[in-house]
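Chain and residue survey
Listed below, chain by chain, are the residues.
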Amino acid sequence: MLMFRAMRYSGLPRSVLLLRFASSIVSRKHDYDLVVLGGGSGGLACAKEAVEYGARVLCFDYVKPTPAGTKWGVGGTCVNVGCIPKKLMHQASLLGEAVHEAVAYGWNVNDRDIKPNWKKLIQSVQNHIKSVNWVTRVDLRDKQVEYVNSMGAFVDAHTIEYRTKQGERKQLSAENVVIAVGGRPRYPLIPGAIEFGITSDDIFSYETEPGRTLVVGAGYVGLECACFLKGLGYEPTVMVRSIVLRGFDRQMSELLAAMMTDRGIPFLNTCIPTAVQRQANGSLLVKYLNTTTQKEESGVFDTVLWAIGRKGLTEDLNLVAAGVKTVNDKIAVDHTEATNVPHIYAVGDIIYGRPELTPVAILSGRLLARRLFAGSKQLMDYTDVATTVFTPLEYSCVGMSEEMAIEKLGAENIEVFHGYYKPTEFFIPQKSVRYCYLKAVAEVSGDQKILGLHYMGPVAGEVIQGFAAALKSGLTVKTLLNTVGIHPTTAEEFTRLSITKRSGRDPTPASCCS
Ligand code: FAD
Ligand code: NDP
C-alpha cells in the first residue's frame, strides 16, 4: 500500500523505491525521520502524509495561553481560533438576517426584538471545536503519528528539546524537521493594550457579551469580526490606520467598506490608538490620534479587539542553535520550503512572504512530505490562490487585482469586464443589491486570458472556488462567455459579463433574466 502511494507520486519504479526505503531504514541514525514543530493545518497535513509513506513521525503542538487566559487544544489556529469558529459566527450572524427574510417569504415567525444568546452561541462553537480536537487526536493515534503536547525547541540542527507533562526535560533527534509553528495576534505597544484588549484568540470563547466593540485593524480579521458582531446585534466600530484590506483590489475593498458603512458599522479612518484605560463604570476609554487632522480623540467602548496582524512564533524555537535564519519574525524558505539549513523546512503561516491561509499551509505541508518520503518532485504553487473575506456580502477573488494587472501589463493591455447583478432571492425581502458586483480582469488581445476574478455577493467563497480551478487552467473571456450558466444563480453572472469599463456603458442590469 505504502509502495503503491509512493509510486503514484514519484513515478519511480517499485524496485528503485524499495532500495530507497531499505537504505533509509539501514541508515536510521536518528530517533525520527521527521519531527514537526506545530500541530496546526500545515504541520498536521505534513505529518499525516509522511506516515503514509512509512516515515517515523513525531509532532509537537503547544499553545501558550493568551494574556486574557484563553487556551485551546490540538489543531492550530484554523480549528480553534480562526477559520472554523469565524465561519460559525459568520453563519450565526447571517441567520439573524435570514429570520427577517423568512417573514417576507411568508414564514410565521416573530422577527421583532430577536436577539442571539451569546453564551449559548459561544458554548455551541466551543463544543464543536472540542469535538474537532478529539477527532484530531484519534486520527493522529490511528495514523501512528506520535503527538507530544509540549513546546519543542532546537538544541542543534538535528536535536529537539521539550518538557514532559511532569516537567522532565527530554531530547530526541530527527533526520528532517518541519517548522510549522504559525503565528499569534500582535498587540500594539501602547498603555493598556494587553491589560484591557482582547484578540481573535479570545473572542470565540469570550464569556462576556462584547457590546460596543472597537475593532482596531482593517484586514481580514478586523472586518470579519466587526461584521459578525454587527450581525449578532452588537455595536462594532472599525479603526483604520491607512486603507481597508491593503493588498486587495481597491475598487472591491472600497465597495466592501461602503457595504459595511451602509449596514451601520462606523469607520474611524486614519486613526491609531494611543492608550486604553478602564473607567470607574467598567467601560474602556480608548484614546487615539487622527493622523489626518493630527487631533487627539477618544471613545468609550465595552470591548477592544486588536486585529492588527500576526507575528510568527519563532522566538521560542531557539533557531540560533540550529543555524536557521529569520526575516523579522518569519522564516525565509526556497522553492522547496527548505530553510538555509537543508534538512530543516518550514510550512504555513511561519513562511516569510506567503499567503497566511489554511489551504496553503495544508497543501504545502502535504507536497513537502511527498517530496521527502515518496520521491515526488511536485512543488507548491503559491500563485493564483483564491480567498474570501467572510463579511455579510462576502468578497472573494482569485488572481490579479485591477491595480496589479495595470502595473504588470499596462492599462492599455488589460480589459476589465464588470457588472452589478440582482440575486433572485433578494427581491422578496427587498434586500439591497447595491453592492452585488463582479468583475473579470483580462488581457485585451487574443482570446483575452483572464488574470483576475472578483465577486462580491452571497456565498462568494463557493462561487469563486470553481472559477479558481478554471483560472489556473488558463481561462479566457471567450471560454467564460461560451459557458452556459446555471440559472438562476449568482455565479452565472460571470458567464454574462459583456460590459467593459473602457466602453463606459452602465453596468447596472435591467432585469435578472435578460
Ligand atoms: P497554526 O494553525 O497557527 O498552527 C501552529 C501550531 O503550532 C499552533 O498550535 C501553535 O500553538 C503551535 N506551536 C507554536 N510554537 C510551537 C512550538 N515551539 N512547539 C510546539 N508547538 C508550537 N484561513 C483561511 O484559509 N480561511 C479563513 O477563513 C481563515 N480565517 C481566519 C480567521 C482568523 C480569526 C485567523 C486568525 C486566521 C484565519 N485564517 C483563515 C488563517 C489560518 O487560520 C492560518 O493560515 C492557518 O491556521 C495556518 O496554519 P499553520 O499550520 O501555519 O499554523
Ligand atoms: P492583516 O495584516 O491582514 O491586517 C492588519 C490590519 O491592522 C491592517 O489594516 C493594518 O493597517 C492594521 N494595523 C497594523 N498595525 C497597526 C497598528 N499598530 N495600529 C493600528 N492598525 C494597525 O492582519 P489580520 O490580523 O487581519 O489577518 C492576518 C492574516 O490571517 C491575513 O493576512 C489572512 O491571511 C489570514 N486570515 C484569513 C482569513 C480568511 O481567509 N477569510 C480571515 C482572517 C485572517 P495597514 O494597512 O495600515 O498596515
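- Looking at an unreviewed UniProt entry, the chain carries the name thioredoxin-disulfide reductase (NADPH), with the source organism given as Drosophila grimshawi.
- The record in UniProt for the chain states the following under Sequence similarities (unreviewed entry): "Belongs to the class-I pyridine nucleotide-disulfide oxidoreductase family."

1. Here's the deal with the sheet that holds strand 14 (residues 295-301)
- If you walk across this open sheet you meet the three strands as 12-13-14, and the pairing is antiparallel. Strands with a single pairing partner mark the edges of an open sheet, and in this sheet they are strand 12 (271-278) and strand 14. Going across the sheet, the axis of each strand differs from the next one's by a mean of 25°, ignoring polarity.
- Bridge analysis of strand 12 against strand 13 (residues 284-290) gives seven bridges, and the strand direction is antiparallel. Paired with Ile272 across the strands is Leu289, a residue of strand 13.

2. Focus on the UniProt feature "domain: FAD/NAD(P)-binding" (unreviewed entry) in the chain
- In this numbering, the UniProt entry assigns the feature "domain: FAD/NAD(P)-binding" (unreviewed entry) to residues 32-365.
- Along residues 32-365 one finds 33% helix and 26% strand; the C-alpha atoms at either end are 17 Å apart.

3. Some thoughts on the nonpolar core
- Within the largest apolar cluster, 64 residues are counted, with the highest numbers of intra-cluster contacts made by Leu453 and Phe494.
- Dropping the residues within four chain positions of it, Leu453 is found in contact with Ser396, Cys397, Val398, Lys439, Ala440, Ile464, Phe467, Leu471, Leu475 and Phe494.
- Ranked by size, the runner-up nonpolar core spans 31 residues in total, among them Leu37, Ala174, Val333 and Ile344.

4. With respect to helix 5 (residues 83-104)
- Across its 22 residues, helix 5 extends 31 Å between first and last C-alpha, which sits within 8% of the 32 Å expected from 1.5 Å per residue.
- Residues of helix 5 that are buried in the fold lie against helix 4 (76-81), helix 6 (118-143), helix 9 (220-231) and strand 21 (394-399).
- Note on helix 5: the residue one or two positions beyond its end, Gly106, has a positive phi of about 100°.

5. Quick look at the site of ligand 1
- Close contacts around ligand 1 come from 34 residues, with Asp61, Tyr62, Thr77, Lys86 and Asp349 the closest.
- Contacts to ligand 1 include Gly152, whose backbone N or O atom sits 3.0 Å from a nitrogen atom.
- When residues of the shell around ligand 1 are traced back to their parent elements, those giving at least two are helix 3 (41-52), helix 4, helix 5 and helix 12 (358-373).
- Among the elements that take part in the shell around ligand 1, helix 4 stands out by supplying four residues, more than any other.
- Looking at the shell around ligand 1 residue by residue, the class counts come to 15 nonpolar, 14 polar and five charged.

6. Focus on the domain arrangement of the chain
- Each assigned domain of the chain is listed with its residue range as follows: domain 1 (2-62 + 149-185 + 311-373), domain 2 (193-308) and domain 3 (387-499).
- For domain 1 and domain 3, the distance between their C-alpha centres works out to 38 Å.

7. Describing the pairing of strand 10 (residues 235-239)
- Most of strand 10 is tucked away: four of the five residues are buried.
- Judged from the five bridges that link them, strand 9 (residues 212-216) and strand 10 form a sheet pairing that is parallel. By the bridge assignment, Thr213 is partnered in strand 10 with Pro236.
- Handedness of the crossover is the feature at issue here: the chain leaves strand 9, passes through helix 9, returns alongside strand 10, and the resulting connection is right-handed.
- Across two bridges, the pairing between strand 10 and strand 11 (residues 267-268) is parallel. Bridge pairing links Met239 to Leu268 in strand 11.
- Crossover handedness for the path strand 10 to helix 10 (residues 250-262) to strand 11: right-handed.

Cut-offs and rules
- Residues numbered from 1 in each chain as written.
- Chains lettered and ligands numbered in written order.
- Predicted model: local features only at pLDDT ≥ 70, side-chain atom pairs only at ≥ 80, totals over all residues.
- Heavy atoms only, no water.
- UniProt positions renumbered as here; feature names shortened; annotations may be inferred.
- Pairing = 2+ DSSP bridges.
- Helix = DSSP H or I, 4+ residues; strand = E, 2+ residues; numbered from the N terminus.
- Axes fitted to C-alpha atoms, helices over the stretch in contact; angles between N-to-C directions.
- Core = buried A, V, L, I, M, F, W, Y, C linked by side-chain atoms within 4.5 Å.
- Buried < 20%, exposed > 50% of the residue type's maximum accessible area, 1.4 Å probe, protein only.
- Contact = heavy atoms within 4.5 Å.
- Expected span 1.5 Å × (residues − 1).
- Near = heavy atom within 4 Å.
- Polar contact = N/O pair within 3.5 Å; in protein donor to acceptor, adjacent residues only side chain to side chain.
- Nonpolar A, V, L, I, M, F, W, Y, C, P; charged D, E, K, R; others polar.
- Domains from an automatic or database assignment.
- Right-handed = clockwise from strand over helix to strand, strands pointing away.

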